[in-house]
Amino acid sequence: MDPISASCFSLHIQENQRAIAEEQKQDEKFSEIIVSCKSLSRYDGRTFKTLVPQILAAVIVASYHIVVGISLAYSAILIPSVDPNNTEFRAEDGIVASKTECSWIASVIVIVVPIGAITGGFFMDSIGRLNTIKMAAIPSLLGWSLIALAQNVPMVIAGRLLAGFASAWGTSPAIVYMTEIGRADLRGSLISCAPTFASLGMVICFLKGWFMHWKTVAWLSNIYAVVPCILICFIPESPAWLVSKGRIEQAAKSLQWINKYQPQPENRNESLAELQLNFLQKEHQQKLEQQSLKGSGALVKLKEFFKPTGYKPIIILFGLFFFQQFSGIYITLFYSVTFFQDVGSTINPYLASVLIGTVRMLMSCVNTYMLRTFQRRPLIMVSGLGMAICMGFSGLFTYWIKQNTLTQNWMPVVLLLLYVVTSMIGLLNIPWTMTAELFPIEIRGMGHSISLSIANLLMFVAVQLYYPLSSILGGIVMVQWFFGVMSITASLYVFVILPETHNKKLSEITEYFNEKTIYLSLGKKKSTTPQRRRRVEKRDIVRLDDQSQKLMNSV
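Residues numbered from 1 in each chain as written. Predicted model: local features only at pLDDT ≥ 70, side-chain atom pairs only at ≥ 80, totals over all residues. Heavy atoms only, no water.

A closer look at the overall build of the protein chain
Note the following rule: Each helix is a run of DSSP H or I of at least 4 residues and each strand a run of E of at least 2, with the numbering of both proceeding from the N terminus. Three exposure classes are used, based on accessible area relative to the maximum for each residue type with a 1.4 Å probe and protein chains only: buried under 20%, partly exposed in between, and exposed over 50%. The contact criterion used throughout is that any non-hydrogen atoms of two residues lie within 4.5 Å. Accessibility throughout is a Shrake-Rupley quantity obtained with a 1.4 Å probe, and a residue counts as covered only by protein chains that appear here.
Per the secondary structure count, the protein chain includes 27 helices and zero strands. Within the protein chain, the fraction of its 555 residues that count as buried is 57%. At a minimum sequence separation of 6, the contacts of the protein chain that also span at least 24 residues come to 82%. Summing over all exposed atoms, the protein chain offers an accessible surface of approximately 23100 Å²; the carbon and sulfur share of this is 65%.

Here it is as structure tokens:
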């Protein structure tokens, strides 16, 4: 999955936790935990010096996202060199790729994400967050070396396949690690390092592709996989994971390193690290007790997907991701150099690609603020409308350039840059965040995984169909207009179907799917019967019980 979007998902998880915490304050069952969490937060120092260990650790683990960004953008500089129909084709390399093979080179990195995410999650829980990132360097080194040594297209595809596994294994552990070590008010800023580094990787890839041979770029990409693994050796493992494995002594040392500059809490004999260790141990014990009471958890979760709160979000997200992928957001990334050449612009396509990568990097920072401030539906609708306008006019200017009636060949590039800006407002990132928002807490993890798998499969199909789509529609002009139509259709879909989730309580989102499917459906909302209210209250108690454990992490 797109690392920028995955990071946005993690950022919004924290926003949900804050909203849930407010809801929990009304429940007497968890008042003791809340009071304890407040008292613990009092002892947390608020100076920059106290934050240095957390910032340093977050930057180190997030730096692996650089090679992830390179992996995503690499097909854009590789395909022009192996496509005999492209002006950048390097006949001396001896590698010639057909249109179908070029599609596989671009898309194969996406198709392995669901498998990589599942296996990566298993490794992350088994061997730890940092060790999983280190392990991700193995397929990364093999993949990039295979690409650099490639003598034919299958070797290139195999290398891209391994790079895809490495990306899936390296991103999630980094996000989880930052979530577990970051202070509550700093956590969002720490996690925002990940999309920034990923966008930086794209810029680096385009810059190197502009001046270097694609095999040289592949060799140098190994550096960005090895250096983070070396630096990781100098930071401690996640204390929460160490406690879950019964390694209390190591967890204590990890907390001492993270809190090395924290002052001694007033009127307490324990240090802040010791207080946090006690909370983590209590939290782990509560989880064990709850797991022993749940029984057959897998069967219970499966049944939840046959309820309206399970299958309706999946259907809605499928439609949302469908329009997202076929609006051209990722197609223009994976084929950026080729795309800029096709629109007829005289601006160097590598320079244009660098500009796009830079814009994505800047917008990923702005997007953190927008996600926390504005509602989801208006953001996506404005985004889709803006994308449609930019693609529509870009197609029009491309048509005039092809007809030799326009001399301003730079106009399509400017419009495509604006297209990237408008996509970052909502349609690119918000669908990924909603995989966490729409599902009830009982199946949120599994629902998120299923939704991400669907999204990546749709991305694979969209990237695969770029060349056939161009052939069927009759060229790049109609392709741009097709992207514009899909973008505006996405806005209409959101206006009619998608519910609002910003600042909504869990009970409100759950009850929405019990009552409605279409957001603009006619008629008044059904009255809630006493029996239904009791069922909702019972579900809320279960959710609050789970969330109370997560609340301590937010402190």
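From this point, the discussion proceeds with the structure in view.
Things to note about helix H25 (residues 476-496)
Definition in use: Expected span of a helix, by definition, is 1.5 Å for each gap between consecutive residues, and there is one gap fewer than residues.
The end-to-end C-alpha separation of H25 is 30 Å, in line with the 30 Å expected for 21 residues at 1.5 Å each. Turning to H25, its buried residues number three or more, namely Ile476, Val477, Val479, Gln480, Phe483, Gly484, Met486, Ser487, Ala490, Ser491, Tyr493 and Val494. Residues of H25 that are buried in the fold lie against helix H16 (308-325), helix H17 (331-334), helix H18 (336-342), helix H20 (376-402), helix H21 (411-425) and helix H24 (466-473).

Re the packing of aromatic side chains
Just so we agree on the cut-off: Classification of ring pairs rests on two measures: the distance between centres of Phe, Tyr or Trp rings, Trp counted by its six-membered ring, which must be within 6.5 Å, and the angle between planes, read as stacked under 30 degrees, edge-to-face over 60 and tilted in between. Placement of a positive charge over a ring is assigned whenever Lys NZ or Arg CZ falls within 6 Å of the ring centre and within 35 degrees of the normal to the ring plane.
Overall, the coordinates contain 18 aromatic pairs when judged by the stated rule. A centroid spacing of 5.1 Å and a plane angle of 65° characterise the contact between phenylalanine 321 and tryptophan 432, whose relative ring orientation is edge-to-face. Here the residue phenylalanine 321 occupies a position in helix H16, and tryptophan 432 occupies one in helix H22 (residues 430-437), the gap between them amounting to 111 residues. Residue classification places phenylalanine 321 among the buried positions, given a relative accessible area of 1%. Under the relative-accessibility criterion, tryptophan 432 is labelled buried at 0%. Over the ring of phenylalanine 279 we find lysine 282, and its NZ or CZ is 5.9 Å from the ring centre.

Considerations on the environment of phenylalanine 211
Along the polypeptide, phenylalanine 211 turns up in helix H10 (residues 193-211). C-alpha separation for the pair phenylalanine 211 and tyrosine 350, spaced 139 residues apart in sequence, amounts to 9.1 Å.

Digging into the packing of helix H7 (residues 129-148) against helix H8 (residues 153-181)
Note the cut-off: Helix axes are fitted only over the stretch in contact, all axes being lines through C-alpha atoms; the angle between N-to-C directions runs from 0 to 180 degrees. Orientation is classified from the angle alone, with under 35 degrees giving roughly parallel, over 145 giving roughly antiparallel, 65 to 115 giving roughly perpendicular, and any other angle giving oblique. A crossing counts as left-handed when the near helix is turned anticlockwise from the far one by less than a right angle, and as right-handed when that turn is clockwise.
Packing of H7 against H8 brings their axes to within 7 Å, and their N-to-C directions diverge by 160°. With respect to H8, the axis of H7 lies roughly antiparallel. Taken as a pair, H7 and H8 cross one another with a handedness that is left-handed.

Focus: a nonpolar patch on the surface
The condition is simple: Any residue with relative accessible area above 30% and no salt bridge may belong to a patch, with like charges joined within 9 Å and the nonpolar Val, Leu, Ile, Met, Phe, Trp and Tyr side chains within 5 Å. Criterion for a salt bridge: a side-chain nitrogen of Lys or Arg within 4 Å of a carboxyl oxygen of Asp or Glu.
A cluster of nonpolar side chains, contributed by Leu141, Ile223, Val226, Val227, Ile230, Leu231 and Phe234, occupies part of the molecular surface with about 590 Å² of accessible area. A per-element tally of the nonpolar patch places helix H11 (residues 214-232) first, with five residues. Relative to the elements of secondary structure, leucine 141 occurs in helix H7.

Comments concerning the nonpolar core
The line we're drawing: We call a set of buried Ala, Val, Leu, Ile, Met, Phe, Trp, Tyr and Cys residues a nonpolar core when their side-chain atoms join them within 4.5 Å.
One finds Val61, Tyr74, Phe334 and Tyr335 to be the most contacted residues of the largest nonpolar core, which totals 129 residues. Tallying contributions element by element places helix H4 (residues 65-82) first for this core, with twelve residues. With nine residues, the next largest nonpolar core counts Ala252, Leu255, Ala273 and Leu277 among its residues.

So, the pattern of salt bridges
The final tally for this structure, using the stated rule, is four salt bridges. The partner of arginine 129 in a salt bridge is aspartate 125, and the shortest N-O contact between them spans 3.5 Å. Residue aspartate 125 is classed as partly exposed on the basis of its relative accessible area, which comes to 45%. Note that glutamate 249 is salt-bridged to lysine 253, the shortest N-O span being 3.9 Å. On the criterion of helical spacing, the pair formed by glutamate 249 and lysine 253 is a turn pair, its members being four residues apart in helix H13 (residues 248-258).

Regarding the side chain of glutamine 480
For clarity, the cut-off: Polar contact criterion, stated in full: a pair of N or O atoms within 3.5 Å, where within protein one must be able to donate a hydrogen and the other to accept it, and residues adjacent in sequence count only if both atoms are side-chain atoms.
Along the chain, glutamine 480 turns up in helix H25. According to the relative accessible area criterion, glutamine 480 is buried, its value standing at 0%. Polar contacts involving the side chain of glutamine 480 include one to the side chain of serine 394, which spans 2.4 Å. Filtering out sequence-adjacent residues up to four positions away, glutamine 480 remains in contact with Phe339, Val343, Met391, Ser394, Gly395, Thr398 and Leu416.

A word on the confidence of the model for the protein chain
For clarity, the cut-off: For every residue, the predictor states its confidence as a pLDDT score lying anywhere from 0 to 100.
On average, residues of the protein chain score 81 in pLDDT, and 82% of them are at 70 or above. Overall, residues 522-530 carries pLDDT values under 50, and its contacts beyond four positions in sequence, including any with other chains, amount to five contacts. For the stretch residues 547-555, pLDDT sits under 50, and the model shows 33 contacts to residues farther than four places along the chain or on other chains.

What about the environment of leucine 417?
Along the chain, leucine 417 falls in helix H21. In this structure the C-alpha to C-alpha distance between leucine 417 and valine 359, which are 58 residues apart in sequence, comes to 7.5 Å.

A look at H4
The cut-off we apply is this: Note on bend: at a given residue it equals the angle between the axes fitted to the 7 residues ending there and to the 7 starting there.
With 18 residues, H4 extends 27 Å from end C-alpha to end C-alpha; this agrees with the ideal 26 Å at 1.5 Å per step. The largest bend in H4 comes to about 40°, at alanine 73.

So, the state of the cysteines
Convention followed: The rule for a disulfide is simple: a pair of cysteine sulfur atoms within 2.5 Å.
Tallied over the full model, the rule gives zero disulfides. Here cysteine 229 stays free of any disulfide, with the sulfur of cysteine 233 as its closest cysteine sulfur at 7.8 Å.

Focus on the packing of helix H6 (residues 113-127) against H8
Worth spelling out the cut-off: For this classification, the nonpolar set comprises Ala, Val, Leu, Ile, Met, Phe, Trp, Tyr, Cys and Pro, the charged set comprises Asp, Glu, Lys and Arg, and every other residue, Gly included, is treated as polar.
Their axes nearest at 8 Å, the elements H6 and H8 cross at an angle of 45°. In terms of orientation, H6 lies oblique with respect to H8. The handedness of the crossing between H6 and H8 is right-handed. Residues Val113, Ile115, Gly116, Ala117, Thr119, Gly120, Phe123 and Met124 of H6 touch H8, and the partners they reach there are Phe165, Ala168, Trp169, Ser172, Pro173 and Val176. Of the residues in the contact of H6 with H8, the class split is ten nonpolar, four polar and no charged.

Points about unusual backbone geometry
Residues other than glycine seldom take positive phi values, yet asparagine 404 does so here, at roughly 60°. In this fold, asparagine 404 is placed in the loop between H20 and H21. Look at asparagine 404 and you get exposed, because its relative accessible area is 69%.

Section: the environment of proline 378
Assignment of secondary structure puts proline 378 in helix H20. Note on proline 378: relative accessible area 36%, which makes it partly exposed.

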